[in-house]
Amino acid sequence: MDDYAQFIEELKRRATIADVASRYTQLVRKGVRTMACCPLHVEKTPSFCIYEESNTYYCFGCHRAGDSIKLVEEMERTDFKGAVEILAHRYCLEVPKFNQAASASIAALKKKKDRLYELMKDAARHYHANLMSPKGQKAREYLLNRGISESTIKKFGLGYAVDSSSLVKFLKSKGYTEEEMADARVAFKSGKGRGELYDPQFERFITPIIDKMGHVIAFGGRVVLNVDHTIKKYYNSMESVIYHKTNELFAANIVKGINPRPSNVVLVEGYMDVISLYQAGITNAVASCGTALTSEQAKLIKSLIQPNNKVYFMYDGDDAGQDGMIRGVDILKREGLDVYVVVLENGMDPDEYIKKNGVDAMKKKIQSAVPMYEYKIQNVAKKYNLKSIEGRGQFATGAIDAIKDISSRIQAEPFIIKIETMSGINSQTLYEQFDKAQQGMQVKIELPQNTKPTDAYTKALRFILYACFGGVDGLHVDDEFIDCCRTEETKELYDIFRLRQNELTTADLMSLKEENEEANMVLSIGESVQGIEAKRKMFADCRRRVLKEGLELKRKEISNALDIEKDEQVKTALLTQMSQLMKAIKDVSK
């Protein structure tokens, strides 16, 4: 057994699972077992079990298990090496520098990284001191004018690069070499590498990028007053031996520090978006570091939140931001994350939205986020004209393709219903195409030309509209029920009726039928029924069908909600609603 293996064995012997777990949760003895509320997810009834004989744990709630090192990995959001270092420090053990398999090159790389971490920390302190000094007044005013408080400035360690030389001079005074500054990407030589070393961030306010372990690894810069228009407005650190932007998230260190671990995270594009959200009390926000979302970043997000919880995806409302979300939702989903999308109108970014609409509006916006598949369906709908037969077929084809990776028909049901409602194509056809898409077959849905959906429900709505236009003598249609008649097909006639409801007659329908196909269909269905009694019976039947259909849709919505709801109180309330709906459906069917 080598030195490192012996060290790990000794570490586990000292750092017993009971002792380590007691730092994160309160242990209670129950019979021969020690139990606790699991520190890895939120619960009220203890399901976290300590097995002292094997020095391990198992949670019957979230089904995670391991030893003391694994628990520290989970709780501190670190890797095996990081967890070992944390425990060694707690239990006063010295980690063997390298095991027998470690090479000199690994040792040199670790030493170099540790040195660059120190350099970056000193650089961040220098920038922050500049910002808080008289030299940083303009940058401070810029931040304060954007609504960023001094406490937030300190929380994020914001700074200012006053010129191109002061950082270089400061780091040299701390003993760092020019080569180390270049390796950290904080300074470069001018004149194609032959001139003086300079700081490329000069005259910008600085946002440090800190990894989840608390290391400063890069800087994002923004010009405060761009008098010289040749200076780039933004400058982000180039990649280095300690910074790979596709692996990092801005503010991951802050979210990692939330205890207990948050149940969700808000993913945005920019540093200032995170900072504005944090100041507004939304402290669980992270940003992709100036790059399209990657699978490595999705994995990092997953490590920051509790299992089986949500990511609120909120990129900018412009076209570029929306395109980024369309690409990103699938990356997040592949990591097993539950994705909800927040769409900001008028091309705004989160920072702008908060400033214009306030904190409460932003919180409501997040609460009303739509499931990713609904967002994908909405995005497909933007591409086609849903008023045309061809457009509805193209939309349905694209929408089915957008949801094809849903694992089952049951889970797909609410989205199939939505596609059915938007396209007018019956659910049986949509399910058949969904099955084909899941098998990798090509999906193509076409509606017959010169026809529109004319199922019994639509016919019932049209006859009711006929009655609204005075087609059934002596019959008054109550206002509450009239609102059921506004569908995609009937909304134009409905709106005309609502404007002039006390004046309209079937003669008005006659005058509209030349320019309005729907008016022609309403007249055709209404006049196909002869005699006042037959028309009144037809109206009663249609009214019953429309009411029943509406109640059935609500029943499906509640059924879908019950499938995913975890809160027992909410489930009880939903079951009560379901019982009331079933009684109402039964009453309508009589």
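The rules behind these values
Residues numbered from 1 in each chain as written. Predicted model: local features only at pLDDT ≥ 70, side-chain atom pairs only at ≥ 80, totals over all residues. Heavy atoms only, no water. Helix = DSSP H or I, 4+ residues; strand = E, 2+ residues; numbered from the N terminus. Buried < 20%, exposed > 50% of the residue type's maximum accessible area, 1.4 Å probe, protein only. Contact = heavy atoms within 4.5 Å. Areas by Shrake-Rupley, 256 points an atom, 1.4 Å probe, with all protein chains shown as cover. Pairing = 2+ DSSP bridges. Axes fitted to C-alpha atoms, helices over the stretch in contact; angles between N-to-C directions. Parallel < 35°, antiparallel > 145°, perpendicular 65-115°, else oblique. Left-handed = near helix turned anticlockwise from the far one by under 90°. Phe/Tyr/Trp six-rings, centres within 6.5 Å; stacked < 30°, edge-to-face > 60°.

## Things to note about the overall build of the protein
Of regular secondary structure, the protein possesses 27 helices and 17 strands. The burial tally for the protein puts 45% of its 590 residues in the buried class. Counted over contacts in the protein with a minimum sequence separation of 6, partners at least 24 positions apart contribute 62%. Only carbon and sulfur atoms are counted for the fraction: they give 49% of the accessible area of the protein, which is about 30600 Å².

## Structural notes on the pairing of strand β3 (residues 48–51)
Going residue by residue along β3, you find Phe48 and Ile50 tucked away on one face and Cys49 and Tyr51 tucked away on the opposite face as well. Direction of pairing for strand β2 (residues 33–36) relative to β3: antiparallel, over a ladder of three bridges. Along β3, the bridge assignment pairs Met35 with Cys49. Hairpin connection between β3 and strand β4 (residues 56–59): a loop of four residues separates the two successive antiparallel strands, and Asn55 in this loop has a positive phi of roughly 60°.

## Examining the packing of helix α18 (residues 389–402) against helix α19 (residues 409–423)
Where α18 meets α19, the axes come as close as 10 Å, and the angle between the chain directions of the two elements is 170°. Between α18 and α19, the crossing angle belongs to the class labelled roughly antiparallel. The way α18 lies across α19 gives a crossing that is right-handed. Residues Arg392, Phe395, Ala396, Ala399 and Ile400 of α18 pack against Ile416, Ile419, Met422 and Ser423 of α19.

## A few points about the environment of Ile419
The residue Ile419 is located in helix α19 in this model. With a relative accessible area of 0%, Ile419 lands in the buried category. Sequence spacing of Ile419 and Ala381 is 38 residues, and the spatial spacing of their C-alpha atoms is 9.5 Å. With sequence-adjacent residues up to four places away left out, Ile419 is seen in contact with Ile377, Phe395, Ala396, Ala399, Ile400, Ile403, Gly424 and Leu430.

## Brief notes about helix α17 (residues 372–381)
In terms of burial, α17 is a largely internal element, eight of the 10 residues being buried. Among the residues making up α17, those that are buried are Met372, Tyr373, Tyr375, Lys376, Ile377, Asn379, Val380 and Ala381. In this fold, the buried residues of α17 make contact with α14 (319–334), β16 (338–341), β17 (370–371), α18 and α19.

## Some thoughts on the sheet that holds strand β6 (residues 159–161)
Here four strands make up an open sheet; going across it, the order is β6-β9-β10-β11 and the pairing antiparallel. The outermost strands of the open sheet, each flanked by one partner alone, are β6 and β11 (234–236). Averaged over all pairs of adjacent strands, the angle between strand axes in this sheet comes to 30°, irrespective of strand direction. Pairing between strand β9 (residues 204–210) and strand β10 (residues 216–223): seven bridges, direction antiparallel. Pairing of Ile206 across the sheet is with Gly221, part of β10.

## A short note on the packing of aromatic side chains
Evaluated as defined, the whole model comprises 11 aromatic pairs. Where Tyr142 meets Phe205, the ring centres are 5.6 Å apart and the plane angle is 40°; that geometry is what we call tilted. On the criterion of sequence distance, the pair formed by Tyr142 in helix α6 (residues 137–145) and Phe205 in strand β9 is long-range, its members being 63 residues apart. Across the pair, Phe205 and Tyr142 agree in class, each one buried. Summarising the aromatic geometry, the rings of Phe250 and Tyr271 are spaced 4.9 Å apart at their centres and angled 55° between planes, so their arrangement reads as tilted. Here Phe250 is found in strand β12 (residues 249–250), whereas its partner Tyr271 is found in helix α12 (residues 271–279), with 21 residues between them in sequence. Exposure remark for Tyr271: the relative accessible area of 13% places this residue in the buried category. An aromatic cluster is defined as three or more aromatic residues linked by ring pairs; in this entry it consists of Phe156, Phe250, Tyr271 and Tyr278.

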